[in-house]
Amino acid sequence: MIDDACDLAIDDLLATDNVTELMRAARAKRDESFGSVITYSPKVFIPLTKACRDVCHYCTFAKPLKRGQKVFLSPDEVLEITRQGERAGCHEALFTLGEKPELRYAAAREALQELGFATTVDYLAHVARLVREETSLLPHLNPGTLTRAEFQQLKPFAASMGMMLETTSERLSARGGPHYGSPDKLPSVRLAALEAAGEAGVPFTTGLLIGIGETRAERLDAILKIRESHARHGHIQEVIIQNFLPKPDTKMRAYPPADPIEHQWTIAAARLLLPDTISLQAPPNLAAGTGAEFLEAGINDWGGVSPVTIDHVNPEAPWPSLEKLAALTEQEGKTLAPRLTVYPKYIQSEQPWVHPKMTKQVLRAADAEGLAFEGRWMPGSTEKAPLIRGQGTVDTAIAKILDQPAGKRLTEDNIVTLFGARGASFHAVCQHADALRRQINGERVHYVVTRNINYTNVCTYGCTFCAFSKGKTHEELRGPAYDLDMAEFSRRVSEAWTRGGTEICLQGGIHPGYTGETYLNLLRHAKQAAPGIHIHAFSPLEIWQGAATLDLSLIDYLLQLKDAGLSSLPGTAAEILDDDIRNIIAPDKINTDQWFQVMRAAHSVGLKSTSTIMYGHVEQPRHWARHLLRLRDHQLEYGGFTEFVPLPFVALEAPVYLKGKSRRGPTWREAVLMHAVARIVLHGAIDHIQTSWVKMGPEGAATCLNAGADDLGGTLMNESITRAAGAVHGQEFAPWQMEDLIRSIGREPQQRSTVYGPVSEERQQRAKQAAPLAEMINTPFAARKHRHPQDA
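Conventions we followed
- Residues numbered from 1 in each chain as written.
- Predicted model: local features only at pLDDT ≥ 70, side-chain atom pairs only at ≥ 80, totals over all residues.
- Heavy atoms only, no water.
- Core = buried A, V, L, I, M, F, W, Y, C linked by side-chain atoms within 4.5 Å.
- Buried < 20%, exposed > 50% of the residue type's maximum accessible area, 1.4 Å probe, protein only.
- Contact = heavy atoms within 4.5 Å.
- Axes fitted to C-alpha atoms, helices over the stretch in contact; angles between N-to-C directions.
- Helix = DSSP H or I, 4+ residues; strand = E, 2+ residues; numbered from the N terminus.
- Parallel < 35°, antiparallel > 145°, perpendicular 65-115°, else oblique.
- Left-handed = near helix turned anticlockwise from the far one by under 90°.
- Nonpolar A, V, L, I, M, F, W, Y, C, P; charged D, E, K, R; others polar.
- Expected span 1.5 Å × (residues − 1).
- Bend = angle between axes of the 7 residues up to and from the residue.
- Arc of directions from axis to C-beta.
- Pairing = 2+ DSSP bridges.
- Salt bridge = Lys/Arg side-chain N within 4 Å of Asp/Glu carboxyl O.
- Phe/Tyr/Trp six-rings, centres within 6.5 Å; stacked < 30°, edge-to-face > 60°.

Colleague: Help me understand the nonpolar core, please; the structure alone is not making it clear to me.
Modeller: The nonpolar side chains of a soluble globular protein tend to be buried, and buried together. Formed by 120 residues in total, the largest nonpolar core has its most connected members in Val429, Phe538, Leu561 and Trp595. Discounting chain neighbours no more than four positions away, the residues touching leucine 561 are Tyr519, Leu520, Leu523, Phe538, Ile543 and Leu566.

Colleague: I would appreciate a short explanation of the packing of helix α7 (residues 187–199) against helix α8 (residues 216–233) in the present structure.
Modeller: Helix packing geometry: the angle between the two helix axes and the distance between the axes. It is at 9 Å that the axes of α7 and α8 come closest, and there the two elements cross at 25°. With respect to each other, α7 and α8 are oriented roughly parallel. The handedness of the crossing between α7 and α8 is right-handed. Residues Leu191, Leu194, Glu195, Gly198 and Glu199 of α7 form the contact with α8, whose own contacting residues are Lys225, Ile226, Ser229, Arg232 and His233. Of the residues in the contact of α7 with α8, the class split is three nonpolar, three polar and four charged.

Colleague: How should I be thinking about the environment of threonine 277 in this particular structure?
Modeller: Of note, threonine 277 is situated in the loop between α9 (260–273) and β7 (279–281). Sequence-wise, threonine 277 and phenylalanine 34 are 243 residues apart; in three dimensions their C-alpha atoms are separated by 8.7 Å. Those residues in contact with threonine 277, other than ones at most four positions away along the chain, are Phe34, His230, Gln237 and Lys345.

Colleague: Is there a simple way to explain helix α26 (residues 693–705) in this structure?
Modeller: Owing to its 3.6 residues per turn, the α-helix brings residues three or four apart onto one side. Between the first and last C-alpha of α26 there are merely 11 Å, a value that for 13 residues lags more than 12% behind the 18 Å anticipated at 1.5 Å per step. The largest bend in α26 amounts to roughly 80° and is located at glutamate 699. Burial runs high along α26: ten of the 13 residues are buried. The complete set of buried residues in α26 reads Trp693, Val694, Lys695, Met696, Gly697, Gly700, Ala701, Ala702, Cys704 and Leu705.

Colleague: Teacher, can you tell me more about helix α29 (residues 761–768) here?
Modeller: Turning to α29, its buried residues are Arg763, Gln764 and Ala767. Down the axis, α29 shows its buried residues gathered within 100° of arc, on one side only. Considering only its buried residues, α29 is in contact with α17 (486–498), α28 (735–744) and β18 (748–751).

Colleague: Any chance you could explain the packing of helix α3 (residues 75–87) against helix α5 (residues 120–134) here in plain terms?
Modeller: The geometry of α3 relative to α5 is characterised by a closest axis approach of 10 Å and an angle of 40° between their N-to-C directions. Regarding the angle of α3 to α5, the classification is oblique. The crossing of α3 and α5 is right-handed. On α5, the residues touching Pro75, Val78, Leu79, Thr82 and Arg83 of α3 are Tyr123, His126, Val127, Leu130, Val131 and Glu134. Looking at side-chain class alone, the contact of α3 with α5 contains seven nonpolar, two polar and two charged residues.

Colleague: Help me understand unusual backbone geometry in this model?
Modeller: With the exception of glycine, the majority of residues adopt a negative phi angle, and the majority of peptide bonds are in the trans configuration. One non-glycine residue with positive phi stands out, namely leucine 716, at about 75°. Relative to the assigned elements, leucine 716 resides in the loop between β17 (711–714) and α27 (721–724). Residue classification places leucine 716 among the buried residues on the basis of a relative accessible area of 11%. Non-glycine residue tyrosine 756 carries a positive phi angle of around 70°. Of note, tyrosine 756 is situated in the loop between β18 and α29.

Colleague: It is not clear to me how the sheet that holds strand β15 (residues 608–615) should be interpreted in this structure. Could you clarify?
Modeller: Pairing between the strands of a sheet is mediated by backbone hydrogen bonds and can be parallel or antiparallel. Read across the open sheet, the six strands follow the order β11-β12-β13-β14-β15-β16; overall the sheet is parallel. The sheet is open, and its two edges are formed by β11 (450–454) and β16 (641–648), each paired on a single side. Strand after strand, the sheet turns through a mean of 30° between neighbouring axes, direction not considered. Here β15 runs beside β16; their pairing, made up of six bridges, is parallel.

Colleague: Where do I start with the sheet that holds strand β10 (residues 444–448) in this structure?
Modeller: Pairing within the open sheet is parallel, and its three strands lie in the order β17-β10-β18. The open sheet terminates on both sides in strands that have one partner only, identified here as β17 and β18. If you compare each strand with its neighbour and ignore which way they point, the axes differ by 20° on average.

Colleague: Whenever I open this one, the pattern of salt bridges confuses me. Can you help?
Modeller: A side chain with one charge can pair with a side chain of the opposite charge if their charged atoms come near. Under the counting rule described, the total for this entry stands at 54 salt bridges. Where glutamate 488 meets arginine 492, a salt bridge forms, and the shortest distance between an N and an O atom there is 2.8 Å. A residue pair is termed a helical-turn pair when its members lie 3 or 4 positions apart in one helix, as glutamate 488 and arginine 492 do in helix α17 at four residues. For the pair glutamate 488 and arginine 492, one class covers both residues: buried. When the shortest N-O distance is used, the salt bridge between arginine 626 and aspartate 578 registers 3.1 Å. Linking arginine 626 in helix α23 (residues 621–638) with aspartate 578 in the loop between β14 (566–569) and α21 (579–585), this pair joins segments that are 48 residues apart in sequence. Relative accessible area serves as the criterion here: at 21%, arginine 626 is assigned to the partly exposed category. With relative accessibility at 4%, the residue aspartate 578 sits in the buried group.

Colleague: What is the right way to read the packing of aromatic side chains from this model?
Modeller: The geometry of an aromatic ring pair is captured by two quantities: the separation of the ring centres and the angle between the planes. Summed over all chains, the structure comprises 16 aromatic pairs. Relative to tryptophan 668, the ring of tryptophan 377 has its centre 5.3 Å away and its plane inclined at 80°; by these criteria the two rings are edge-to-face. Note that tryptophan 377 is positioned in the loop between α13 (356–365) and α14 (396–402) and tryptophan 668 in helix α25 (residues 668–682), a separation of 291 residues in sequence. Across the pair, tryptophan 668 and tryptophan 377 agree in class, each one buried. Between tyrosine 519 and phenylalanine 538, the ring centres sit 5.0 Å apart and the planes meet at 55°, which makes this aromatic pair tilted. Taken as a pair, tyrosine 519 in helix α18 (residues 516–529) and phenylalanine 538 in the loop between β13 (534–537) and α19 (540–549) lie far apart in primary sequence, 19 residues in all. Phenylalanine 538 carries the same exposure label as tyrosine 519, and that label is buried. Put simply, the rings of Tyr455, Tyr514, Tyr519 and Phe538 pair up and form one aromatic cluster.

Colleague: What exactly am I supposed to notice about the environment of tryptophan 377 here?
Modeller: Exposure remark for tryptophan 377: the relative accessible area of 3% places this residue in the buried category. Through-space distance from the C-alpha of tryptophan 377 to that of leucine 773 is 31 Å; in sequence the pair is 396 residues apart. With near-sequence residues (within four places) excluded, tryptophan 377 lies in contact with Glu383, Lys384, Ala385, Pro386, Pro666, Thr667, Trp668, Ala671, Lys695 and Met696.

Shape descriptors only; they carry no functional weight alone.
Shown next as structure tokens:
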């Protein structure tokens, strides 16, 4: 019996006849490392050239060139295949090609000369660059044995590369062997290429071809050689264990196919011998059975599967449909998830595995875990949300977390696990959150009639996610700089009250001429314009800056603001409450501790606030977990947060996204989960979870209301910040629209005050009969650059 896979001796493996027991140990190691998720890469297969200088006796991909035969796909043909893949939702452009055909065929040399290139590698670099620049797919290159210099030449145009080691058996290259006459299949040559890839820092795929005459000992030797190379360089992201199948018109057409039991034995042995960070793959279209036998042997990845192109190496073996593959995976208690050609570890590593010229493409294709961004939905867009399958079983780790007593403090790892929920587990997390929501809020869904007034978009800060502010770093973004004069500001406040508003929300950029007195003056004007209105104003950043300009403590300044009419604070400027991330997206902004200092001071003087998170840019789920736990801990001590508001990053016009340094916002799954997981983590601490109809859209907001959220937020009347970032949803969601949406999901609408109190019948009726808004005038900054609200 195998008790400890890590201490498994080679002699024990060779002597093992109990393949069932071997596979059990392999599955246990797989599950410990990869959980319930089985990945695959949606791809297109691009056979750039089928000409090859090698003559492997089992291969039908490469054949001797015939007179007049076209040698290479043209750039236009490459791009057409890639664009078909784009339309089908693929992420990978797999370039497979014969090795160095120009060294064997004059026709290949002539074809390269006509194309304007000296070598196949040069031409490959050219077409991979075209794919990188003109499509969203990530090139994965399989050009065979290369030198370190050639890997470095290709790295700017590929997210990853690969080469099958196949075998380390020298005898298979001797006369009569399958590799006889194939100089690039000599084990020493292929091992040198494996080393060169590591030296060049290329995320690399390799693997074994079994059943071509090698022994078990030779297979284990190949696995160990891969392990040794990885130990030196850390570059092996996945290992493929591929089974030989005989093909007509080859010298090995009468050779028996690889024994399925030997295939399973080799998969299990590789899983036990390789580091647990390396993914293990077997092609599902080559399975002797259903493919379930590969999962039973310990794989965690199906490899590339194409809805568009055939497997040009095994044209007789069609890919399974994604529906069939998902069902098969679910039958084995796992969940299928798409990945990129480069694995998460290599995207998220501090070491620059991905070339800077590939970073933009990789980040835009990735989700927060480093897997593939699913669907076309983005926050603020009108794209349809992707369907998340509910079949299969709930991951045991997630079920165990959900079984804990409600309100128990979860660990960071627990929360990260919940954020990784997919398939049936996703639905289980949402249902659990919705049950907790019902316990606290019943069937009520809250909303508030409010007006957003952004009094200036001039800002001295350079937050990389912000498309609203205007300053030296953001002058090229949407709309001119403005700084409202007091007449227009007061008019908007008065109009909000006339239209039934119970709240105004005041926020703006950190104007270089503003002081703490500016904010006090804004409050005084607001109270004069509408004495009964609740003023929800000033982020912790504005509070911090205002106090500093007047040389006051936070508490003293907040007391002055309160006396001037401040009623509560928005919990914005939180972004991600982890300084590792804040130092990237807002390096000159207040840090995590300073944000909480403002909140502690506000809550200690009786001012309530919201709490927020802005997610989906450069952070990872572990940062979400820390953020939620820090809010929870604060709330249990101070009790000042009225609600938690997830704000998905709207990327389209954000500087960090335009520069290719961020993801494109959270996926649909991540956005819904943020509401659900927040409800679970914050249960017993923060009672209300709000969903943003501006960012999620009405349909998205409705989904979140069935996944733990109980609040639709404000009607807004005006919305500038999210629309500046590229969102297309309207600036106002009137009370009747709020209530229609709420009733459409079988819930009860309840208009609330800012702090979840009742609203008078007069206010409610006034809001439902509101006249259209008057035209707004944003006072140009140039006209007011020497005048500020305190001067009015």
